[in-house]
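# Notes for the structure review
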Amino acid sequence: MTVSSFTSVSLDPPLVLISIAKSSNLHDVLKGAKAYAVNFLADDQKSVSDRFAGRTNHADRFEGVGFALGSTGSPLISGARAVIECRPWQVYEGGDHSILIGEVVSARALNSKKPLVYYSQQYTTTEQVEYPAPPSDMVW
Ligand SMILES: Cc1cc2nc3c(=O)[nH]c(=O)nc-3n(C[C@H](O)[C@H](O)[C@H](O)COP(=O)(O)O)c2cc1C
């Protein structure tokens with residue numbers, strides 16, 4: 001399924017989160033999954049995002065979509081910008097969503113395409129903006 005609620009949480013251990021609507025078909029599957037992958041789509045993959053958001057009439061969302069299985073057996077979508085594979089770490093209550101925290105077991109950038117971004121109810125991508133360098137005492 002398409003999610004935009006992805007957030008990095010911790011570096012040691014490496015943890016990330018996604019927030020999944022309790023009403024979605026995949027909620028219980030993901031909550032009980034032994035592993036899952038997060039595919040970061042590239043800016044030429046809008047149709048993939050729409051398909052996995054249930055916006056197209058594909059009963060099988062993977063039909064015609066290229067993918068390979070990663071080391072955890074999770075699907076890694078061809079042409080994605082990057083992929084990570086996770087093992088479940090913790091699930092928290094989040095109102096009408098469940099917050100799934102996953103421990104990252106592998107992470108790979110697959111190409112140098114621009115990322116697909118969803119902003120203001122539209123697909124877009126990133127653009128490099130040059131800002132003056134911050135004062136050195138403000139650099140982390
Ligand atoms: C850009 C975008 C971001 C989304 N982000 C989330 C999300 O973070 N969590 C979520 O539960 N659903 C999210 N959705 C909605 C799910 O993709 C959609 O409800 C789901 O695929 C429906 O699956 P189902 O009909 O099998 O339940 C998002 C949809 C779009 C288009």
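Check the entry above for the structure.
To start, this report covers the structure provided alongside it. Note that the structure is a prediction, hence the values are computed from the model and not measured.

Moving on, we get to the nonpolar core. Listed in full, the 10 residues of the largest apolar core are V16, I18, I20, L30, A33, Y36, V38, I84, C86 and L100. Residue assignment for this core shows that the elements contributing at least two residues are β2 (15–21), β3 (36–40) and β6 (82–94). Of all the elements, β2 adds the most residues to this core, at three residues. Beyond its immediate sequence surroundings of up to four residues, V16 is in contact with F6, T7, S8, V9, I84, C86, L100, I101, G102 and V104. Formed by six residues, the second largest nonpolar core is a distinct cluster that contains L41, F52, I77 and L116.

Before going further, it helps to spend a moment on the site of the ligand. Taken together, 16 residues form the shell around the ligand, and within it T2, S5, S19, A21 and N25 come nearest. Take N25: an N or O atom from its main chain is 2.7 Å from an oxygen atom of the ligand. Contact with the protein chains covers 77% of the free accessible surface of the ligand, which is 640 Å². Looking at the shell around the ligand element by element, the count peaks at three residues for β2. Here the shell around the ligand is built from residues that sort into seven nonpolar, seven polar and two charged.

Here the focus is the environment of D43. By the secondary structure assignment, D43 is in the loop between β3 and α2 (46–52). Once residues within four sequence positions are removed from consideration, D43 is found in contact with K114, P115, L116 and T125.

Cis geometry is adopted by the peptide bond preceding P13, which originates at D12 and carries an omega value of 5°. Among the secondary structure elements, P13 is positioned in the loop between β1 (7–10) and β2. Phi is positive for S120, close to 55°, though the residue is something other than glycine. Tracing the backbone shows S120 in the loop between β8 (117–119) and β9 (122–124). One non-glycine residue, Q121, adopts positive backbone phi at about 60°. Inspection of the secondary structure assignment puts Q121 in the loop between β8 and β9. Its relative accessible area of 70% is what places Q121 among the exposed residues.

We now examine the packing of aromatic side chains. Geometrically, a pair of aromatic rings is defined through the distance of the ring centres and the angle of the planes. In total, this model carries four aromatic pairs according to the counting rule given. Ring geometry for F6 and F40: centres 5.0 Å apart, planes at 90°, overall edge-to-face. Here F6, found in the segment before β1, pairs with F40, found in strand β3; they are 34 residues apart in sequence, far enough to count as distant. F6 sits in the partly exposed class, given a relative accessible area of 25%.

What counts and what doesn't
- Residues numbered from 1 in each chain as written.
- Predicted model: local features only at pLDDT ≥ 70, side-chain atom pairs only at ≥ 80, totals over all residues.
- Heavy atoms only, no water.
- Core = buried A, V, L, I, M, F, W, Y, C linked by side-chain atoms within 4.5 Å.
- Buried < 20%, exposed > 50% of the residue type's maximum accessible area, 1.4 Å probe, protein only.
- Helix = DSSP H or I, 4+ residues; strand = E, 2+ residues; numbered from the N terminus.
- Contact = heavy atoms within 4.5 Å.
- Near = heavy atom within 4 Å.
- Polar contact = N/O pair within 3.5 Å; in protein donor to acceptor, adjacent residues only side chain to side chain.
- Areas by Shrake-Rupley, 256 points an atom, 1.4 Å probe, with all protein chains shown as cover.
- Nonpolar A, V, L, I, M, F, W, Y, C, P; charged D, E, K, R; others polar.
- Phe/Tyr/Trp six-rings, centres within 6.5 Å; stacked < 30°, edge-to-face > 60°.

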